[in-house]
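Spelled out, the chains give:
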Amino acid sequence: MTDTFAEAQGIEMNTLNCKAIFGQGFVGGAPVFLAKPQTYINLNGEATRSLVSYYKLSLNQVIVFMMT
């Protein structure tokens, strides 16, 4: 899902940091940061928490999508 969205928006998912592969770009003029945790599903929060802390994001700037 993330790869398909990133490709449609022209965002390269080519950076590895904080246990996640991510890319940055713009969607409709708004800056976005897309990340795919590279941990087991029950540990995805670790990668998310690390990225939020590293980039000093507030929680109202974070949207998590989960496939079941």
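These numbers come from a predicted model, not from an experiment.

What counts as what
Residues numbered from 1 in each chain as written. Predicted model: local features only at pLDDT ≥ 70, side-chain atom pairs only at ≥ 80, totals over all residues. Heavy atoms only, no water. Helix = DSSP H or I, 4+ residues; strand = E, 2+ residues; numbered from the N terminus. Buried < 20%, exposed > 50% of the residue type's maximum accessible area, 1.4 Å probe, protein only. Pairing = 2+ DSSP bridges. Patch = residues over 30% accessible without salt bridge, like charges linked within 9 Å, V, L, I, M, F, W, Y side chains within 5 Å. Areas by Shrake-Rupley, 256 points an atom, 1.4 Å probe, with all protein chains shown as cover. Salt bridge = Lys/Arg side-chain N within 4 Å of Asp/Glu carboxyl O. Axes fitted to C-alpha atoms, helices over the stretch in contact; angles between N-to-C directions. Contact = heavy atoms within 4.5 Å.

(A) Representation of unusual backbone geometry. With a phi angle near 55°, cysteine 18 is a residue other than glycine that sits in the positive phi range. Within the element layout of this structure, cysteine 18 appears in the loop between strand 1 (15-17) and strand 2 (20-27). Owing to a relative accessible area of 18%, cysteine 18 belongs among the buried residues under this scheme. If you check the backbone angles, lysine 19 has positive phi at about 60° while not being a glycine. Within the secondary structure, lysine 19 is located in the loop between strand 1 and strand 2. Note on lysine 19: relative accessible area 48%, which makes it partly exposed.

(B) Local environment of the pairing of strand 3 (residues 30-37). Relative to strand 3, strand 2 runs antiparallel, the two being bridged by eight bridges. Within strand 3, the residue paired with phenylalanine 22 across the bridge is alanine 35. Where strand 2 folds back on strand 3, the antiparallel hairpin that results is connected by two residues, among which glycine 28 adopts a positive phi of roughly 60°.

(C) Focus on a nonpolar patch on the surface. Together, Met1, Ile63 and Phe65 line one region of the surface with nonpolar side chains, adding up to about 400 Å² of accessible area. Residue placement: methionine 1 occurs in the segment before helix 1 (2-9). Taking the relative accessible area as the measure of exposure, methionine 1 reaches 52% and is therefore exposed.

(D) Local environment of the sheet that holds strand 3. Taken together, three strands build an open sheet; the order of strands is 1-2-3 and the sheet is antiparallel. Each edge of the open sheet carries a strand with a single partner, namely strand 1 and strand 3. Along the sheet, successive strands turn relative to each other by an average axial angle of 35°, direction set aside. In this fold helix 1 packs onto strand 2 and strand 3, with an angle of close to 150° to the strand it touches most, strand 3. Contacts from helix 2 (residues 44-54) reach strand 1, strand 2 and strand 3, with the element oriented near 145° to strand 3.

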